[in-house]
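# Topology and contacts: notes
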Amino acid sequence: MSTKRRAGIAGVGYYVPERVVTNFDLEKTLNTSDEWIQSRTGIRERRIAAPEQAASDLGLIAAQRALADAGMAADQLDMVIVATASPDMVFPATACIIQDKIGAVNAGAFDLTAVCAGFPYALTTGAQMIKAGQAERVLVVATEKFSGLLDWNDRSTCVLMGDGAGAVVLTADSPQGEILTSVLGADGSGIDQLCIPAGGSARPASHETIEQGLHFMKMNGPEIYKFGVRIIGEAVEQALTKAGLQEKDMDLLVPHQANIRIIQSAAKRFNLPMEKIVVNIDRYSNTSAASIPIALAEAKEAGRLKPGMIIVLVGFGAGLTWGTVVLRW
Ligand code: ACO
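Residues numbered from 1 in each chain as written. Predicted model: local features only at pLDDT ≥ 70, side-chain atom pairs only at ≥ 80, totals over all residues. Heavy atoms only, no water.

## Quick notes on the domain arrangement of the chain
In terms of domain boundaries, the chain breaks down into domain 1 (8-174) and domain 2 (180-328). Centre-to-centre, using C-alpha coordinates, domain 1 lies 14 Å away from domain 2. With 45 residues of domain 1 at the interface, the matching set in domain 2 holds 43 residues. Where domain 1 abuts domain 2, roughly 3500 Å² becomes buried across the two surfaces, and 66% of that area is made up of carbon and sulfur atoms. On the domain 1 side of the contact with domain 2, Tyr14, Cys116 and Tyr121 bury the most area, a combined 18% of that side's loss. For the interface between domain 1 and domain 2, the tally reads two salt bridges. A salt bridge links Lys300 to Asp69; the shortest N-O distance between them is 2.9 Å. Linking domain 1 with domain 2 are 16 residue pairs in polar contact (both at pLDDT 80 or more). Here the element with the most residues in the side of domain 1 that touches domain 2 is helix α5 (residues 118-131); it accounts for seven residues. (Domains from an automatic or database assignment. Contact = heavy atoms within 4.5 Å. Buried area = accessible area lost by both parts, 1.4 Å probe. Salt bridge = Lys/Arg side-chain N within 4 Å of Asp/Glu carboxyl O. Polar contact = N/O pair within 3.5 Å; in protein donor to acceptor, adjacent residues only side chain to side chain. Helix = DSSP H or I, 4+ residues; strand = E, 2+ residues; numbered from the N terminus.)

Structure representation (structure tokens):
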């Protein structure tokens, strides 16, 4: 009898802030238009957190909902992993803040940074902890408050991003959402393509860095666009091959929500009808690490996840990083 341990998703949850900011709202303060934003990105509106809400507050609600979905109490958790590029503070980890607020008194807690690929990285890490016997029940949260990292006068970046959080509970005995394989990759030669240049140990915050706006997100949009189109194709193919599956076996694709045109190019490459792809970029824009678990949780809420389905999650982002996880629901 095989003693190989499994890991599966026992519960999912998400939270998006109440405040809706439409493209028309942005037209009032920026030299932009609803037509430009929608035609280039597919975004109509985004959610923006209240000033008093930090990334941990968004993640906490998503985590509570995932635990409720799994029918589990927080003190049963062994580990809390938070994927975020917009932590409450440089340290301690946002995971520790969530661990405390949620009452996960028996769990370890740490953050993981892979920016928009953060969820596949964190999910893989949690699943491997369970498969290795290090943990039985792991909470994986992806939470972002990118609105605090954006220059709201820079139309080339601020129209693209929004705030939100998603979470899953992983267990060794969940009958659903088994993690089959993952592919995680990075190309650190691309760090300058998408980054926040100052505020870390390389360029600590100073009057000069603040005056130059170097603590805001900077992006080479066209280069990231080309990278996204290429890497989604490659990373999904690699992960399916590793799982002994083919493109035609994919029942649902849950991609990072960066740009509808990148998602459409994936649909074309895999010959997938758009009904087999989860899309919510029109309502939430790009919520970085949170976009995949929000989309997964919304798909579950809508009854789109059926037992036995092969579901592929794929993310890419700053680093450069990418990650694909293949699940059997
Ligand atoms: N409104 C109006 N005009 C704009 C805006 C705006 N919001 N933003 C840029 N423009 C202008 C530019 O100034 C430029 O004008 P110019 O030709 O006079 O110089 C023109 O529009 C075209 O700009 P491009 O950058 O060539 O536009 P493009 O078609 O490449 O679309 C976009 C830009 C949407 C940013 C695209 O490049 C993209 O989606 N890139 C990928 C973004 C992405 O995936 N990011 C991931 C982030 S994930 C993470 O890890 C944080």
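From this point, things continue past the structure.
## A short note on the nonpolar core
Formed by 47 residues in total, the largest nonpolar core has its most connected members in Ile232, Val236, Met250, Leu253, Val312 and Phe316. Elements supplying a minimum of two residues to this core: α8 (221-242), α9 (260-269), β12 (310-317) and β13 (321-328). Top element by residues in this core is α8. It accounts for eight residues. A domain split of this core shows at least three residues from each of domain 1 (8-174) and domain 2 (180-328). Apart from the residues within four sequence positions on either side, Val236 is in contact with Ile231, Met250, Leu253, Phe270, Val312, Val314 and Thr324. Within the second largest apolar cluster, 44 residues are counted, among which are Ile81, Ala117, Val168 and Ile311. (Core = buried A, V, L, I, M, F, W, Y, C linked by side-chain atoms within 4.5 Å. Buried < 20%, exposed > 50% of the residue type's maximum accessible area, 1.4 Å probe, protein only.)

## Considering the pairing of strand β6 (residues 137-145)
Of all nine residues in β6, eight are buried, a share of seventy percent or more. Bridging between strand β4 (residues 79-83) and β6 involves five bridges; their strand directions are parallel. Looking at β6, one finds that Val82 is bridged to Val141. Examined bridge by bridge, β6 and strand β7 (residues 163-171) share nine bridges and lie antiparallel to one another. Paired with Lys145 across the strands is Asp163, a residue of β7. (Pairing = 2+ DSSP bridges.)

## Examining the site of the ligand
Taken together, 27 residues lie near the ligand, and Thr32, Arg40, Cys116, Arg155 and Asn259 sit nearest. In this structure, a nitrogen atom belonging to the ligand sits 3.0 Å away from a main-chain N or O atom of Gly221. Between the ligand and Asn259 there is a distance of 2.6 Å, counted from an oxygen atom to a side-chain nitrogen or oxygen. With the chains in place, 73% of the 1000 Å² that the ligand exposes on its own is no longer accessible. Sorting elements by how many residues they give to the shell around the ligand places α8 first, with four residues. Residues of the shell around the ligand, tallied by class, amount to 15 nonpolar, nine polar and three charged. Residues lining the shell around the ligand come from more than one domain, with at least three contributed by each of domain 1 (8-174) and domain 2 (180-328). (Near = heavy atom within 4 Å. Areas by Shrake-Rupley, 256 points an atom, 1.4 Å probe, with all protein chains shown as cover. Nonpolar A, V, L, I, M, F, W, Y, C, P; charged D, E, K, R; others polar.)

## Quick notes on the pairing of strand β3 (residues 45-48)
Here β3 shows two buried faces, one formed by Glu45 and Arg47 and the other by Arg46 and Ile48. In this structure, strand β2 (residues 19-22) lies alongside β3, joined through four bridges in antiparallel fashion. Its bridge partner lying in β3, Val20 is registered against Arg47.

## What about the packing of helix α3 (residues 55-70) against helix α4 (residues 94-102)?
Packing of α3 against α4 leaves a shortest axis separation of 10 Å and a crossing angle of 55 degrees. The angle between α3 and α4 falls in the class oblique. For the crossing formed where α3 meets α4, the hand is right-handed. Taking contact as the criterion, the partners of Ser56, Asp57, Gly59, Leu60, Ala63, Gln64 and Leu67 in α3 are, on α4, Thr94, Ile97, Ile98, Lys101 and Ile102. Of the residues contributing to the contact of α3 with α4, the split by class is six nonpolar, four polar and two charged. (Axes fitted to C-alpha atoms, helices over the stretch in contact; angles between N-to-C directions. Parallel < 35°, antiparallel > 145°, perpendicular 65-115°, else oblique. Left-handed = near helix turned anticlockwise from the far one by under 90°.)

## A word on the environment of Ala83
For Ala83, the position within the fold is in strand β4. Take Ala83: its relative accessible area is 0%, and that puts it in the buried class. Along the primary structure Ala83 and Ala290 are separated by 207 residues, whereas in three dimensions their C-alpha atoms are 8.1 Å apart. If sequence neighbours within four positions are ignored, Ala83 has contacts with Leu112, Gly118, Phe119, Ala122, Val141, Ala142, Thr143 and Ala289.

## Some details on the pattern of salt bridges
Summed over all chains, the structure comprises eleven salt bridges. Two residues, Glu136 and Arg5, come together in a salt bridge whose shortest N-O distance is 3.1 Å. With a gap of 131 residues between them, Glu136 in the loop between α5 and β6 and Arg5 in the segment before β1 (8-15) connect regions that are remote in the sequence. Since its relative accessible area comes to 32%, Glu136 is described here as partly exposed.

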